[in-house]
Amino acid sequence: MDIQATGLLSEMQAMRSELQPLTTPNTIAPKHDFASLLSDAVNNVNGLQKSTDDLRTRFELGDESVSLENVMISAQKSSIAFDATVQVRNKVVEAYKTIMNMPV
């Protein structure tokens, strides 16, 4: 090795030793598993759909505090959330099938 390469190597090692305390894993961050995140997402979609059904029923019964705009916005929110959840499910199933078809 020439002197320039040796100097560069020692400089990189010094930088690595300075950065190691900064790259330790964060032990404070909460750990979530995929199942609980998926369950929370499904429960959120269910809550949005129940809220939309409640608003629709109140609007149909003539509740003055519920406007058509509120009902339509709520329906769109629940529809988008449901579609997103279905897309995530489809991607998970696709990934599962891909993994299961991999040769061992």
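Use the structure listed above.
Report follows, based on the coordinates. Since the structure is predicted, the reported quantities are computational estimates derived from the model, not experimental observations. (Residues numbered from 1 in each chain as written. Predicted model: local features only at pLDDT ≥ 70, side-chain atom pairs only at ≥ 80, totals over all residues. Heavy atoms only, no water.)

## Regarding the overall build of the protein
A count of helices and strands for the protein gives 3 helices and 0 strands. Along the chain direction, N to C, the helices and strands of the protein fall in the order α-α-α. For the protein, the accessible area works out to roughly 9000 Å², and carbon and sulfur atoms hold 62% of it. (Helix = DSSP H or I, 4+ residues; strand = E, 2+ residues; numbered from the N terminus. Areas by Shrake-Rupley, 256 points an atom, 1.4 Å probe, with all protein chains shown as cover.)

## Focus on a nonpolar patch on the surface
Taken together, the side chains of Phe 34, Leu 38, Val 42, Val 88 and Val 92 make up a nonpolar region of the molecular surface, amounting to roughly 390 Å² of accessible area. Elements with a contribution of two residues or more to the nonpolar patch: α2 (34–60) and α3 (68–100). The leading source of residues in the nonpolar patch is α2, at 3 residues. Take Val 92: it is sitting in helix α3. (Patch = residues over 30% accessible without salt bridge, like charges linked within 9 Å, V, L, I, M, F, W, Y side chains within 5 Å. Salt bridge = Lys/Arg side-chain N within 4 Å of Asp/Glu carboxyl O.)

## Side note on the packing of α2 against α3
Look at α2 against α3: their axes get within 9 Å of each other, and the N-to-C directions meet at 155 degrees. One element, α2, and the other, α3, form an angle in the roughly antiparallel class. For the pair α2 and α3, the crossing hand works out as left-handed. The segment α2 lies against α3, with Phe 34, Val 42, Val 45, Leu 48, Gln 49, Ser 51, Thr 52, Leu 55, Arg 56 and Phe 59 engaging Leu 68, Asn 70, Val 71, Ser 74, Ala 75, Lys 77, Ser 78, Ala 81, Phe 82, Thr 85 and Val 92. (Axes fitted to C-alpha atoms, helices over the stretch in contact; angles between N-to-C directions. Parallel < 35°, antiparallel > 145°, perpendicular 65-115°, else oblique. Left-handed = near helix turned anticlockwise from the far one by under 90°. Contact = heavy atoms within 4.5 Å.)

## Quick word on the pattern of salt bridges
By the definition in use, this model includes 2 salt bridges. Linking Arg 58 and Asp 54 is a salt bridge whose minimum nitrogen-to-oxygen distance equals 3.8 Å. Here Arg 58 and its partner Asp 54 are both found in helix α2, 4 residues apart, which amounts to about one turn of the helix. With its nearest N and O atoms 3.0 Å apart, the salt bridge here joins Arg 58 to Asp 63. In this structure, a network of salt bridges that share partners links the residues Asp 54, Arg 58 and Asp 63.

## Notes on the side chain of Ser 78
For Ser 78, the position within the fold is in helix α3. What Ser 78 contacts, discounting residues up to four positions off in sequence, is Leu 48, Gln 49 and Thr 52.

## A word on α2
Compared with the 39 Å implied by 1.5 Å per residue over 27 residues, the 39 Å span of α2 between its first and last C-alpha is a close match. Buried within α2 are the following residues: Val 45, Thr 52 and Leu 55. On its buried side, α2 packs onto α3. Gly 62 lies just past α2 and shows a positive phi near 90 degrees. (Expected span 1.5 Å × (residues − 1). Buried < 20%, exposed > 50% of the residue type's maximum accessible area, 1.4 Å probe, protein only.)

## A few points about the side chain of Thr 52
Turning to its location among the elements, Thr 52 is positioned in helix α2. Each residue touching Thr 52, except ones within four places of it in the same chain, is listed here: Ser 74, Ala 75 and Ser 78.

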